[in-house]
Amino acid sequence: QVQLVESGGGLVQAGGSLRLSCAAAERTFSTSAMGWFRQAPGKEREFVAGIDRRGGRSYAVSVKGRFTISRDAAKNTLYLQMNSLKPEDTALYYCAAGTGFFVLTGTDVNYWGQGTQVTVSS
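Cut-offs used in this document
Residue numbers here run from 1 along each chain, matching the order of that chain's written sequence. With the structure being a predicted model, the display of local features is reserved for residues of pLDDT at least 70 and the display and counting of side-chain atom pairs for 80 or more, all residues being used for whole-chain, interface and lining totals. Only heavy atoms go into the side-chain values, all of them from the structure, while hydrogens and water stay out. The disulfide definition used here is simple: a pair of cysteine sulfur atoms within 2.5 Å. The secondary structure listing takes helices from DSSP runs of H or I that are at least 4 residues long and strands from runs of E that are at least 2 residues long, numbered from the N terminus. Throughout, nonpolar core names a set of buried Ala, Val, Leu, Ile, Met, Phe, Trp, Tyr and Cys residues whose side chains join them through atoms within 4.5 Å. For each residue, the accessible area found with a 1.4 Å probe, counting protein chains only, is set against the maximum for its type, and the residue is called buried under 20%, exposed over 50%, and partly exposed in between. Should a side-chain nitrogen of Lys or Arg be within 4 Å of a carboxyl oxygen of Asp or Glu, the pair is scored as a salt bridge.

*Asks:* Help me out: how do you make sense of the state of the cysteines in this one?
*Replies:* According to the stated counting rule, one finds one disulfide in the structure shown. Across the disulfide from Cys 22 sits Cys 95; the S-S distance is 2.1 Å. Looking along the S-S bond of the Cys 22-Cys 95 disulfide, the torsion reads about -75 degrees, which is the left-handed sense. Linking Cys 22 in strand S3 (residues 18-24) with Cys 95 in strand S9 (residues 91-98), this pair joins segments that are 73 residues apart in sequence.

Here it is in structure tokens:
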């Protein structure tokens, strides 16, 4: 059974930082491309950042330069460091894993986490 368990969400003021974590089963982590998506109220889920098995990264334009995705193979954990947060970053953030080369859209995703809420106040 695949499990992706997110943590690290919370309430932060604009300009602040948060780090999200996603713990995965070892087999899932080592064989999957990983990524983060988010969904704000009334909006569709959107891609935030992705990382392939060799560490290649991709970011949404809206977060590039502020967010950093990384993966720690020793801990089977995916991270999203979020700096200079804005109220428009408020959303439910989902960890995602895919068996293809990269996760960029929902169709690339085989497994989803349950989500962790990030709220940025102005």
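*Asks:* I tried to follow the nonpolar core on my own but got confused; where do I start?
*Replies:* Generally speaking, nonpolar side chains in soluble globular proteins are found buried as a group. Ranked by size, the top nonpolar core spans 32 residues in total, and within it Trp 36, Leu 78, Leu 80, Met 82 and Tyr 93 carry the most contacts. Listed by contribution, the elements that provide at least two residues to this core are S3, strand S4 (33-39), strand S5 (46-51), strand S7 (67-72), strand S8 (77-82), S9 and strand S11 (116-121). Broken down by element, the residue count for this core peaks at five residues, all from S9.

*Asks:* Help me understand the environment of Gly 50 in this model?
*Replies:* Looking at the secondary structure, you find Gly 50 in strand S5. We classify Gly 50 as buried; its relative accessible area is 0%. As for Gly 50 and Gly 35, which are separated by 15 residues in sequence, their C-alpha atoms are 4.0 Å apart.

*Asks:* Just checking my understanding: could you explain the pattern of salt bridges for this structure?
*Replies:* One side chain can pair with another of opposite charge once the charged atoms of both are near each other. With the rule as written, the count across this model stands at three salt bridges. When the shortest N-O distance is used, the salt bridge between Asp 89 and Arg 38 registers 3.0 Å. Of this pair, Asp 89 sits in the loop between S8 and S9 while Arg 38 sits in strand S4, and the two are 51 residues apart along the sequence. With relative accessibility at 1%, the residue Asp 89 sits in the buried group. When its relative accessible area of 5% is taken as the criterion, Arg 38 is described as buried.

Purely geometric numbers; function is a separate question.
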